[in-house]
Amino acid sequence: MHKAALDLSFQTRAAENVRARLTLYSTLTHPENTTLILPEKDYQQNLKLYQHFLYRTDYDSYFLKYRMLKFYQMKHIFEILDKMRCLRKRSTVSFLGVLVIFLLFMNLYIEDSYVLEGDKQLIRETSTHQLNSERYVHTFKDLSNFSGAINVTYRYLAATPLQRKRFLTIGLSSVKRKKGNYLLETIKSIFEQSSYEELKEISVVVHLADFNSSWREVIVQDITQKFAHHIIAGRLVVIHAPEEYYPILDGLKRNYNDPEDRVRFRSKQNVDYAFLLNFCANTSDYYVMLEDDVRCSKNFLTAIKKVITSLEGTYWVTLEFSKLGYIGKLYHSHDLPRLAHFLLMFYQEMPCDWLLTHFRGLLAQKNVIRFKPSLFQHMGYYSSYKGTENKLKDDDFEEESFDIPDNPPANLYTNMNVFENYEASKAYSSVDEYFWGKPPSAGDVFVIIFENPILIKKIKVSTGTEDRQNDILHHGALDVGENVIDFKQSRQCVTYLRLGEFKNGNFEMSEVNQKIPFDIHCIRIYVTKAQKEWLIIRSISIWTF
């Protein structure tokens, strides 16, 4: 027979085997729905589903049921032959019946042996590839429960019992570097850049993830000597997840054509972070991930609190306070177990910062929510991977970024022609977004109506961007208003007082409270002259008392 015909015959037979086994699985697990049969054309899909079934089903139990089905098939054949005895030419029928039984028995035996051996090989390969060792099965067996903790027994290298749940946990994972060590400087920056009141609201968890026990002992000694008072106060915890809980790290898939040592490094890093997240799941309300070579801005906790408050009532999964790697990524603590499981499930697929993008998307946050200025800066010169040079810097970082606006809750309105989805609210958010409208006419307005009257300390409005420097407000003024009334299904201020004019597309004024004799209900940007250029309002920042 021609080779192509043989291949086609083999594929057809394989598809039939897969379909039969899937039908069997459906019958065994869903006896009330015995008609669940997959379409014959979807061979590859059937095969994948069947393999998935093998991964999730007890091997011995399944094949016991499978052999029972074969037994009933043979029993059914004997019943048919028994009925044939009433026919004429019994001797011929008997001979043919015995022959049929013999051939069917041989077919079932050969096919069963062939398929079972193939399935055993498939399971062996799957076991080797997915789990690779019996010693860490207990770590992965509960992956189906994404809300539960991973069963890991941590070693406490330096810690005192946490006295209470805090507002923010800061997590760091560190391994031995071939060149340089920035961990102590990172811990120092966290504590030094926080006020006494802020220190009461944070805890720092350091995961020393290197398997070299001598290195860990040296680092722990350094940490306990320099930060003993923070350890005693319960603000600093140093842990280690034993190697026995890790999956195999050699012979993994070489996605993106990465060399084997690079695959091992990034795969282990995913597991390092997963175990760190798992530990921190119940220590605070929020969690921020840092790397072990980071410098913090002054009063970064206060800035984070302001941002969280400004997003009250808004759905988010991840907030980003740095544009680099896995630095400054903020999560709700209740999402940490799912994130830990997610990193473990796909630990060998791609680097952690890529996986985080997928995690965010799977939880329905489509867009990146990143804030400026950045609160954390990469300061390491040598990478933890092979000690290679890493000069990446976040050019949006500001050492003194305490001056983040309050932007109290408000509704925004404009009668300008908005371009696509660049709506008015994006100018008022701390996120790196903006309002964009088509050329405004004289008398057009952009209005902010506060939920409650406020006392304003400072106002700053910026228009245009670096790449669209001409899309500024060329002729405009800023007004503040009071006495809000309901008007045509909206709220508006009755009276306005002009604060000043825009200059070069920007407006900024301090000590507003000393110039305005009333609590402010509204702020209005007023276009005083038409322009041909489009208008970008990049940011509206308001500081209150």
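Given the structure is predicted, the values throughout are model-derived calculations rather than measurements.

Parameters and conventions
Residues numbered from 1 in each chain as written. Predicted model: local features only at pLDDT ≥ 70, side-chain atom pairs only at ≥ 80, totals over all residues. Heavy atoms only, no water. Helix = DSSP H or I, 4+ residues; strand = E, 2+ residues; numbered from the N terminus. Buried < 20%, exposed > 50% of the residue type's maximum accessible area, 1.4 Å probe, protein only. Lys, Arg positive; Asp, Glu negative; His and termini not counted. Salt bridge = Lys/Arg side-chain N within 4 Å of Asp/Glu carboxyl O. Polar contact = N/O pair within 3.5 Å; in protein donor to acceptor, adjacent residues only side chain to side chain. Contact = heavy atoms within 4.5 Å. Pairing = 2+ DSSP bridges. Axes fitted to C-alpha atoms, helices over the stretch in contact; angles between N-to-C directions. Expected span 1.5 Å × (residues − 1). Phe/Tyr/Trp six-rings, centres within 6.5 Å; stacked < 30°, edge-to-face > 60°. Patch = residues over 30% accessible without salt bridge, like charges linked within 9 Å, V, L, I, M, F, W, Y side chains within 5 Å. Areas by Shrake-Rupley, 256 points an atom, 1.4 Å probe, with all protein chains shown as cover. Disulfide = S-S within 2.5 Å. Parallel < 35°, antiparallel > 145°, perpendicular 65-115°, else oblique. Left-handed = near helix turned anticlockwise from the far one by under 90°. Nonpolar A, V, L, I, M, F, W, Y, C, P; charged D, E, K, R; others polar. pLDDT = per-residue confidence, 0-100. Core = buried A, V, L, I, M, F, W, Y, C linked by side-chain atoms within 4.5 Å.

**Quick notes on the side chain of K329**
Stage number 1. Examined against the element boundaries, K329 turns out to sit in strand 8 (residues 329-332).
Stage number 2. For the buried K329, which has no salt bridge, the nearest side chain bearing the opposite charge is E320, at an N-O separation of 4.4 Å.
Stage number 3. Of note is the side chain of K329, whose polar atom sits 3.2 Å from the backbone oxygen of S322.
Stage number 4. Separated by 2.7 Å, the side chain of K329 and the backbone oxygen of I327 make a polar contact.
Stage number 5. Each residue touching K329, except ones within four places of it in the same chain, is listed here: Y287, V288, M289, T318, L319, E320, S322 and L324.

**Focus on the sheet that holds strand 18 (residues 535-544)**
Stage number 1. One open sheet holds the 4 strands; their spatial order is 11-18-13-16, and the pairing between them is antiparallel. Every interior strand has two partners, whereas the edge strands, strand 11 (435-437) and strand 16 (506-510), have only one. Going from strand to strand, the sheet's axes swing by 20° on average, the running direction of each strand aside.
Stage number 2. In this structure, strand 11 lies alongside strand 18, joined through 3 bridges in antiparallel fashion. Residue W436 lies in a different strand from strand 18, and its bridge partner there is I536.

**So, the sheet that holds strand 4 (residues 236-240)**
Stage number 1. Taken in spatial order, the 7 strands of this open sheet run 1-4-3-2-5-8-7, and their pairing is mixed. Each having just a single partner strand, strand 1 (155-158) and strand 7 (318-320) make up the two edges of the open sheet. This sheet shows a mean twist of 30° between the axes of neighbouring strands, independent of strand direction.
Stage number 2. Alignment of strand 2 (residues 166-174) against strand 5 (residues 284-289), held across 5 bridges, turns out to be parallel. Bridging across to strand 5, G171 finds its partner in M289.

**Here's the deal with helix 10 (residues 260-279)**
Stage number 1. In a regular helix each residue adds 1.5 Å, so 20 residues correspond to 28 Å; helix 10 covers 29 Å between its end C-alpha atoms and thus fits that length.
Stage number 2. Summarising burial for helix 10: 15 of the 20 residues are buried, a large majority.

**Concerning the pattern of salt bridges**
Stage number 1. In this structure the tally under the stated criterion is 10 salt bridges.
Stage number 2. A salt bridge links R498 to D479; its shortest N-O distance comes to 2.8 Å. Placement of R498 in strand 15 (residues 490-501) and of D479 in strand 14 (residues 476-487) is noted, with a sequence separation of 19 residues between them.
Stage number 3. Three or more residues joined by partner-sharing salt bridges are found here, namely R177, D292 and D293.

**Focus on the packing of aromatic side chains**
Stage number 1. As enumerated under the stated definition, the model contains 20 aromatic pairs in all.
Stage number 2. Here the aromatic rings of F419 and Y422 are separated by 5.9 Å at their centres, their planes lie at 15°, and the arrangement is stacked.
Stage number 3. Residue Y422 is classed as partly exposed on the basis of its relative accessible area, which comes to 22%.
Stage number 4. Geometrically, the ring pair formed by F419 and W436 is edge-to-face, given 5.1 Å between the ring centres and 75° between the ring planes. You can see F419 sitting in the loop between strand 10 (410-414) and helix 14 (425-428) and its partner W436 sitting in strand 11, a full 17 residues away along the chain.

**Some points on a nonpolar patch on the surface**
Stage number 1. Together, I485, F487 and V494 give the surface a local cluster of nonpolar side chains, amounting to about 260 Å² of exposed area.
Stage number 2. One can find V494 in strand 15.

**Points about the state of the cysteines**
Stage number 1. If you walk through the whole model with that rule in mind, you get 1 disulfide.
Stage number 2. Between the sulfur of C493 and that of C522 lies a disulfide, 2.0 Å long from S to S. The sign of the S-S torsion, about 90°, decides the handedness of the disulfide formed by C493 and C522: right-handed. Of this pair, C493 sits in strand 15 while C522 sits in strand 17 (residues 520-527), and the two are 29 residues apart along the sequence. Of the two residues, C493 and C522, neither departs from the other in class, the shared state being buried.

**Regarding the packing of helix 6 (residues 183-192) against helix 8 (residues 213-226)**
Stage number 1. It is the contact of helix 6 with helix 8, at a shortest axis distance of 11 Å, that shows an interaxial angle of 25°. Classified by the angle between their axes, helix 6 and helix 8 sit roughly parallel to one another. The interaxial crossing formed by helix 6 with helix 8 has right-handed handedness. For the pair formed by helix 6 and helix 8, the contact residues are L183, L184 and I187 on the first element and I219, D222, I223 and K226 on the second.
Stage number 2. Of the residues that constitute the contact of helix 6 with helix 8, the class distribution is 5 nonpolar, no polar and 2 charged.

**Structural notes on the confidence of the model for the chain**
As a general rule, the predicted coordinates of low-pLDDT regions are not to be interpreted in detail.
Stage number 1. With 68% of its residues at a pLDDT of 70 or more, the chain has an overall mean of 76.
Stage number 2. Below pLDDT 50 for its whole length, residues 1-15 participates in 7 contacts with residues either more than four positions away or in separate chains.
Stage number 3. Per-residue pLDDT stays below 50 along residues 108-144; that stretch engages in 66 contacts with residues further than four places along the chain or on separate chains.

**Some points on the environment of F167**
Stage number 1. As for its position among the elements, F167 is in strand 2.
Stage number 2. A C-alpha to C-alpha distance of 6.2 Å links F167 and Y286, two positions 119 residues apart in sequence.
Stage number 3. Not counting the four nearest positions on each side in its chain, F167 is found in contact with E201, S284, D285, Y286, L301, K305 and I308.

**Notes on the nonpolar core**
Stage number 1. Counting residues in each nonpolar core, the largest one holds 47 residues, and the members touching the most others are L168, I170, I190, I223, L330 and F376.
Stage number 2. If one sorts the elements of this core by residue count, helix 11 (residues 300-310) sits on top with 6 residues.
Stage number 3. Look past the residues within four positions of I170 in its chain and what remains in contact with it is I190, I202, S203, V204, V205, V288, L290 and F300.
Stage number 4. Of all hydrophobic cores here, the second largest spans 41 residues; its members include Y273, L344, M350 and C352.

**Here we look at unusual backbone geometry**
Stage number 1. A positive phi angle is found at E420, which is not glycine, with a value near 50°.
Stage number 2. Checked against the element boundaries, E420 lands in the loop between strand 10 and helix 14.
Stage number 3. Even without a glycine there, the phi angle at N483 is positive, about 55°.
Stage number 4. Relative to the helices and strands, N483 resides in strand 14.
Stage number 5. The partly exposed category is assigned to N483, whose relative accessible area is 41%.

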